[in-house]
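Each chain is listed here by its residues.
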Amino acid sequence: MDNDFLSGLVWFLLHLGQILLVTVVLLLSVAFLILTERKVFAGAQMRKGPNVVGPFGLLQSFADLGKFVLKELIVPDGADKFLFMLAPVISVILAFGAWAAIPFAHGWVVSDINVGVLYLFAVSSLGVYGVIVAGWASNSKYPFLGALRSAAQMVSYEVSIGFVIITVVILSGSMNLQTIVAHQGGWFWHWNVFGGGSLRNLPLTLVMLPMAGIFFISALAETNRPPFDLAEAESELVAGYQIEYSSGLYLMIYLAEMCNIILMSGLLGVFFLGGWQAPFPVPGIEHWAPTLLSFWGFFWFLVKTLFGFFLFVMARVIVPRYRYDQLMRLGWKIFLPTSLVAVAIVAGWQVFVGHGV
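Residues numbered from 1 in each chain as written. Predicted model: local features only at pLDDT ≥ 70, side-chain atom pairs only at ≥ 80, totals over all residues. Heavy atoms only, no water.

Asker: What exactly am I supposed to notice about the overall build of the protein here?
Answerer: If you tally the helices and strands in the protein, you get ten helices and zero strands. Along its sequence from the N terminus, the protein presents helices and strands in the succession α-α-α-α-α-α-α-α-α-α. In summary, the protein has a C-alpha radius of gyration of 21 Å against a globular reference of 21 Å for 357 residues, a match within 12%. C-alpha atoms of the protein, sized along the principal axes, occupy 65 × 60 × 50 Å. Taking all 357 residues of the protein together, 47% fall into the buried category. (Helix = DSSP H or I, 4+ residues; strand = E, 2+ residues; numbered from the N terminus. Rg over C-alpha atoms; globule rule 2.2 N^0.38 Å. Buried < 20%, exposed > 50% of the residue type's maximum accessible area, 1.4 Å probe, protein only.)

As structure tokens, then:
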């Protein structure tokens, strides 16, 4: 009994340590990626951007953190105070919880579950509740309109994202994210964006490359990022569902949004760009120490995640905002039928060509 208790305690402490490590790394990543985003904006607009707080402005995000923490927390008189404070907590918990199934490198995953894709679907579907509750609890027309827009937008684009991910699942034959990444090992043309698996699947690039594009654009809509930030459109709704929030609660909403953006950037790498797999085989890599091998994989996961994040930032810099009717038409009339046809094509290819029937 004592041995069982000790082994259970060791298991609990190890997993708690993993969770804390991922959380701390993610928080630091958010801080520096916000700075990166602002620097990219500045470069696009031919100005310097943050460059005063710390060397090269590296501590700007931490200064902003101190400002938010010290600000007064104001709750509107007519708001439902409990739900008003609960909504940001829901958003943050779900934003961090989704990272439990993300493989950072070979064996580096908090929870290696066989239905990792379904887990991500479930968590991302629940994420809309934080926005809806925030808009409704504020007891104001602009937040409520922003929440309604966000709910319709996120639900609409989850459908197309779902069908796009089904094409990846069909190619990989698994819903386990580690298996999906392992299936893309070898040269870069084994990545799912190029058909996945072997040169025989290379013609599927004509299907999977548009699917990667649809996934990226739908991820912009899922995370309420420009050009699809209709839920917080400052020209119409001032700031949408988060108008009434200030201080730490607003910081939590923004933190959840940034975590979701980084998550989608990582998933773009995992599903289409080989995840932690290098784009080329390294001779003798099988003789490396396991820890060194994991760090090598983490490096490539990081590179691909940063590439996805850069695409998010450039979309915000370059593309003007869509109207709401354009947003809905794009999701339901273009992305949904296209992704459905892609599922049929990829399934047929796997049956008649991929498995040699």
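Read on for the rest.
Asker: Any chance you could explain the nonpolar core here in plain terms?
Answerer: The nonpolar side chains of a soluble globular protein tend to be buried, and buried together. Counting 71 residues, the largest nonpolar core has Trp99, Leu177, Phe215, Phe271 and Phe272 as its most contacted members. Considering every element that reaches this core, the biggest residue donor is helix α8 (residues 247–272), with 13 residues. Apart from the residues lying within four places of it in its own chain, the contact partners of Phe271 are Val117, Ile165, Val168, Leu177, Ile180, Gln184, Asn192 and Phe215. In this structure, Phe84, Ala134, Ala137 and Ile253 belong to the second largest nonpolar core, which totals twelve residues. (Core = buried A, V, L, I, M, F, W, Y, C linked by side-chain atoms within 4.5 Å. Contact = heavy atoms within 4.5 Å.)

Asker: For this particular structure, what's the right way to read the environment of Ala219?
Answerer: Relative to the helices and strands, Ala219 resides in helix α7 (residues 205–222). As for Ala219 and Glu158, which are separated by 61 residues in sequence, their C-alpha atoms are 8.6 Å apart. Setting aside its immediate chain neighbours within four residues, Ala219 contacts Ile161, Met264 and Phe312.

Asker: In this structure, what is going on with the environment of Ala347? I would like to understand it.
Answerer: Along the chain, Ala347 falls in helix α10 (residues 324–354). Judged by relative accessible area, Ala347 falls into the partly exposed class, the value being 27%.

Asker: For this particular structure, what's the right way to read the side chain of Gln178?
Answerer: Here Gln178 is to be found in helix α6 (residues 177–182). Of the residues examined, Gln178 reaches a relative accessible area of 11% and is grouped as buried. In terms of polar contacts, Gln178 uses its side chain to reach the side chain of Trp276, at 3.4 Å. Non-local contacts of Gln178, meaning those with residues more than four positions away in its chain, are made with Pro103, Ala105, His106, Gly107, Trp108, Val109, Asp112 and Trp276. (Polar contact = N/O pair within 3.5 Å; in protein donor to acceptor, adjacent residues only side chain to side chain.)

Asker: Looking at this structure, how should I read the confidence of the model for the protein?
Answerer: Interpretation of the predicted coordinates at a detailed level should be avoided for regions scoring low in pLDDT. Chain-level pLDDT for the protein is 84 on average; 96% of the residues reach the 70-or-more range. Within the protein, the element-level pLDDT minimum falls on helix α2 (residues 60–70), averaging 84, and the maximum on α7, averaging 90. (pLDDT = per-residue confidence, 0-100.)

Asker: What is the right way to look at the pattern of salt bridges in this model?
Answerer: Oppositely charged side chains can form a pair if their charged atoms are brought close together. Applying the stated rule across the entire model yields four salt bridges. One salt bridge in this structure joins Glu37 and Arg225, with 2.4 Å as the shortest N-O distance. Of this pair, Glu37 sits in helix α1 (residues 2–44) while Arg225 sits in the loop between α7 and α8, and the two are 188 residues apart along the sequence. Residue classification places Glu37 among the buried residues on the basis of a relative accessible area of 2%. A residue is classified by how much of its surface remains accessible, and Arg225, at 1% relative accessible area, is buried. The partner of Arg316 in a salt bridge is Glu37, with the nearest N and O atoms 3.3 Å apart. Placement of Arg316 in helix α9 (residues 290–318) and of Glu37 in helix α1 is noted, with a sequence separation of 279 residues between them. One continuous salt-bridge network, built from bridges that share partners, spans Glu37, Arg225 and Arg316. (Salt bridge = Lys/Arg side-chain N within 4 Å of Asp/Glu carboxyl O.)

Asker: What am I meant to see in unusual backbone geometry here?
Answerer: Residues other than glycine seldom take positive phi values, yet Met46 does so here, at roughly 60°. Topologically, Met46 is positioned in the loop between α1 and α2. Even without being a glycine, Phe56 presents a positive backbone phi close to 60°. Within the element layout of this structure, Phe56 appears in the loop between α1 and α2. With a relative accessible area of 70%, Phe56 lands in the exposed category.

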